[in-house]
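# A structural walkthrough
Read off the chains here:
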Amino acid sequence: MDAYTFQDIFDIEAIEKLIETLSTTLQVGISIRGAQGERYSKDNDYCRLCQYIKNSPVGKARCEESDLALCTHQEQSPYICHCQSAGLTDARINIMIGEMHVASVLVGQIRLEEDTLSEEEYRKIARSLQIDEEEYLRYLDQIPVKTREQFESILNMLSLMAEQISTLGQKNLYLKSIINSLENQEMVHQKEKELLEKLAETDSMTGLYNHRKFEEIFSKYSTMQERRICMVSADANFLKLMNDVFGHDAGDLMLKNMSKILYNLAKKDWLVARCGGDEFRIILPDTELATAQDYCKHVARYCGEDRSLAFPLSLAMGAAEWDSEAETLQDCFARADSEMYKNKAIIKQTLHIPDLIMERLYSRQLLNRDMVELADRVSYDFAIYLGFTKEHAEDIRLASHYQDIGMAKLPEYFIVKGQNRSAEEKKQIQAHAIYGHQLVRQFEELYKLADIILCSHENWDGNSYPKRLKGYQIPLEARILRITNNYAYWTLPTPSGTNLDKEGAKQKLVRFSGIMYDPDFVAKFLKFIDEQNEY
């Protein structure tokens, strides 16, 4: 019942017709009120006395007070009491649904023979109501006097009516609950249907339309030769690299971010779909080629500005406008796809992913650009000093440059902070050598440097990471980098001036010779820096 009102359960119009007929027939006033006195039906004022009394502000207020008092006394039914305004008799009969009291039938405007007052007492009532005494008496005389037996007979009849209304209410409430349950089930089924339909046509990871939905819409547009339609083919660059090196979670995030950019920059009537692992297709109805090409440029710009991953997002894209008189829509897409592959080849030639990763490390302040560049120069010059060919020295310089690229796998929240690191942070730092080894193996031009990078943090005495190699087990190039990179780190000028001068760095190299560093290379490096004014 709490979910429904009295008006929800009963036909108010039919009830009002019933009580209007009974009021006229029985010569009593009848209305239906709620527990707090709220009206569920209009008042049927049988006698003109009550109508006259209600014209007085005092009389109207008294009538409301009397009705409210009657409504709140719910325990006994029928309940009989004196009216607080007109000097007449009232009664209340409960309407129940089960054990719940839902409304009251108020019966009034009864002049009982046994409750008749003297003329002076009636005049006193009229004065208290601030109405004319003579008019009050004239309307009072028009009300027929009823005996107690007659009044009880009327109440018995109205009690039977209230019982029938209660029974009807119980049935109506039951039917309402069934209908509501069916409606709720239908709503649940509808929502489940909508969800299943959405799942059937959307990519679960990105939220874009899937290949099935694309083919459905593509088929419809294929018959609309009169419309101007463009097609865009897009392919995520470097997804395999992201999955292999940074893990599938990073690869998934890459696709999600790309999808968000593709969707947010598209117009509402464009269809953006993910049709494969790294493949996207976009249908642009009522769009000219210049607009489609601008869309591709905006997507590329937003991808390049993304900083959520180890390197900027990159999408190869191609656009084509349908010449419906000369080709099918599938032919148009094939041209867009061909354009995409051309752009993909250009991107691979112009974008150097290792450098993009390094830039990301600089921006995250995980690496210091000046220190890396200084280490590059020192390692190259020292290799030349040792008699290495320029080609070999360049390999050492490249290994120096990318030796810490594996730090790209450190969590985004990670901050390099001196030596006060937790055991977990130290473990993460040390793992970067392995990650760097895995990463550079993905690039043809850096593949041969992978083992140097893997071993560039090993110590001469075998007490370091990641493989705890010792002495001549460590590649020659890695032993050189262990010296040159530490020297660059110690001597790089800083705003606070806390780094070592040349002599202090030399002393530190000597102190750790045979521990961290190859002693033969330390001796040669000390001669090298003495002969080099630059360092």
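Residues numbered from 1 in each chain as written. Predicted model: local features only at pLDDT ≥ 70, side-chain atom pairs only at ≥ 80, totals over all residues. Heavy atoms only, no water.

## Considering the overall build of the protein
Within the protein, the secondary structure is distributed over 20 helices and nine strands. Its C-alpha atoms give the protein principal-axis dimensions of about 135 × 70 × 40 Å. Across the 535 residues that make up the protein, the buried fraction comes to 47%. A fraction of 63% describes how many contacts in the protein between residues 6 or more apart in sequence connect residues 24 or more apart. (Helix = DSSP H or I, 4+ residues; strand = E, 2+ residues; numbered from the N terminus. Buried < 20%, exposed > 50% of the residue type's maximum accessible area, 1.4 Å probe, protein only. Contact = heavy atoms within 4.5 Å.)

## Focus on the pattern of salt bridges
By the definition in use, this model includes 33 salt bridges. Here Arg 33 makes a salt bridge to Asp 43, at a shortest N to O gap of 3.6 Å. Highlighted residues: Arg 33 in strand β1 (residues 29-33) and Asp 43 in the loop between β1 and α3 (48-53), separated in sequence by ten residues. Taking relative accessible area as the criterion, Arg 33 reaches 1% and is therefore assigned buried. Under the relative-accessibility criterion, Asp 43 is labelled partly exposed at 25%. Salt bridges sharing common partners tie together Arg 33, Arg 39, Asp 43, Lys 54, Glu 64 and Asp 67. (Salt bridge = Lys/Arg side-chain N within 4 Å of Asp/Glu carboxyl O.)

## A look at the packing of helix α15 (residues 390-402) against helix α18 (residues 476-491)
α18 packs onto α15 with a crossing angle of 60° between their chain directions and a minimal axis gap of 10 Å. Compared by their axis directions, α15 and α18 come out oblique. Handedness of the crossing formed by α15 with α18: right-handed. Contact residues: α15 offers His 392, Ile 396, Ala 399 and Ser 400, while α18 offers Glu 477, Ile 480, Leu 481 and Asn 485. Within the contact of α15 with α18, the residues separate by chemical class into four nonpolar, three polar and one charged. (Axes fitted to C-alpha atoms, helices over the stretch in contact; angles between N-to-C directions. Parallel < 35°, antiparallel > 145°, perpendicular 65-115°, else oblique. Left-handed = near helix turned anticlockwise from the far one by under 90°. Nonpolar A, V, L, I, M, F, W, Y, C, P; charged D, E, K, R; others polar.)

## Overview of the nonpolar core
Most often, soluble globular proteins have nonpolar side chains that are buried together. Core analysis: the largest hydrophobic core is formed by 93 residues, its most contacted members being Phe 246, Phe 311 and Leu 315. Other than its neighbours up to four places away in sequence, Phe 311 contacts Phe 238, Leu 241, Met 242, Phe 246, Met 254, Ile 353, Leu 356 and Ile 357. Within the second largest apolar cluster, 30 residues are counted, among which are Leu 22, Ala 91, Val 105 and Ala 162. (Core = buried A, V, L, I, M, F, W, Y, C linked by side-chain atoms within 4.5 Å.)

## Brief notes about a nonpolar patch on the surface
Together, Tyr 174, Leu 175, Ile 178, Ile 179 and Leu 182 make up an exposed nonpolar region whose accessible area comes to about 490 Å². Take Leu 175: it is sitting in helix α7 (residues 148-201). Given the relative accessible area of 46%, Leu 175 is considered partly exposed. (Patch = residues over 30% accessible without salt bridge, like charges linked within 9 Å, V, L, I, M, F, W, Y side chains within 5 Å. Areas by Shrake-Rupley, 256 points an atom, 1.4 Å probe, with all protein chains shown as cover.)

## Remarks on the sheet that holds strand β9 (residues 315-321)
Strand order in the open sheet made by the four strands is β7-β8-β6-β9, with antiparallel pairing throughout. Strands at the two margins of the open sheet, each flanked by one partner only, are β7 (271-274) and β9. Ignoring which end each strand starts from, the neighbouring axes of this sheet average 15° apart. Bridge count for strand β6 (residues 229-236) against β9 is seven bridges, and the pairing is antiparallel. Bridge pairing links Cys 230 to Glu 321 in β9. Sitting on the sheet, helix α11 (residues 289-305) is in contact with β6, β7, β8 (279-285) and β9, with an inclination near 170° to β9. In the packing of helix α12 (residues 329-350) onto the sheet, contacts are made with β6, β8 and β9, and the angle to β9 comes to roughly 145°. (Pairing = 2+ DSSP bridges.)

## Side note on the packing of helix α19 (residues 502-511) against helix α20 (residues 519-531)
Direction vectors running N to C along α19 and α20 enclose 170°, while the axes themselves pass 10 Å from each other. Looking at the two axes, α19 sits roughly antiparallel to α20. Every residue of α20 that contacts α19 at Lys 502, Lys 506, Leu 509 and Val 510 is listed here: Val 522, Phe 525, Leu 526, Ile 529 and Asp 530.

## A look at the side chain of Asp 404
Positionally, Asp 404 belongs in the loop between α15 and α16 (423-440). Among buried Asp, Glu, Lys and Arg side chains, Asp 404 stands out as unpaired, with Arg 482 the closest opposite charge at 8.4 Å. A distance of 2.8 Å separates the side chain of Asp 404 from the side chain of His 432, its partner in a polar contact. With near-sequence residues (within four places) excluded, Asp 404 lies in contact with Leu 361, Leu 367, His 432 and His 457. (Lys, Arg positive; Asp, Glu negative; His and termini not counted. Polar contact = N/O pair within 3.5 Å; in protein donor to acceptor, adjacent residues only side chain to side chain.)

## Notes on the packing of aromatic side chains
Within this structure, the stated rule accounts for twelve aromatic pairs. Aromatic pair Phe 382 and Phe 525: ring centres 5.0 Å apart, planes at 90°, arrangement edge-to-face. Taken together, the positions of Phe 382 in helix α14 (residues 369-385) and Phe 525 in helix α20 put the pair 143 residues apart, joining distant regions of the chain. Exposure class is identical for Phe 382 and Phe 525. Each is buried. One aromatic cluster is present, formed by Phe 382, Tyr 385, Tyr 487, Phe 525 and Phe 528 through successive ring pairs. Over the ring of Tyr 139 we find Arg 138, and its NZ or CZ is 4.7 Å from the ring centre. (Phe/Tyr/Trp six-rings, centres within 6.5 Å; stacked < 30°, edge-to-face > 60°. Lys NZ or Arg CZ within 6 Å of the ring centre and 35° of its normal.)

## Let's talk about the side chain of Thr 491
Among the structural elements, Thr 491 can be located in helix α18. Overall, Thr 491 belongs to the buried group, its relative accessible area being 18%. Of the polar contacts made by the side chain of Thr 491, one reaches the backbone oxygen of Tyr 487; its length is 2.8 Å. Once you skip the residues sitting within four places of it in the chain, Thr 491 turns out to touch Leu 374, Asn 499, Leu 500, Asp 501 and Ala 505.

## A word on the pairing of β7
Neither face of β7 is open: one carries Leu 271 and Ala 273, the other Val 272 and Arg 274, and all of them are buried. Note that β7 and β8 share four bridges and pair antiparallel. Note on β8: the bridge partner recorded for Ala 273 is Arg 281. Here β7 hands over to β8 after four residues, the two strands then running antiparallel side by side.

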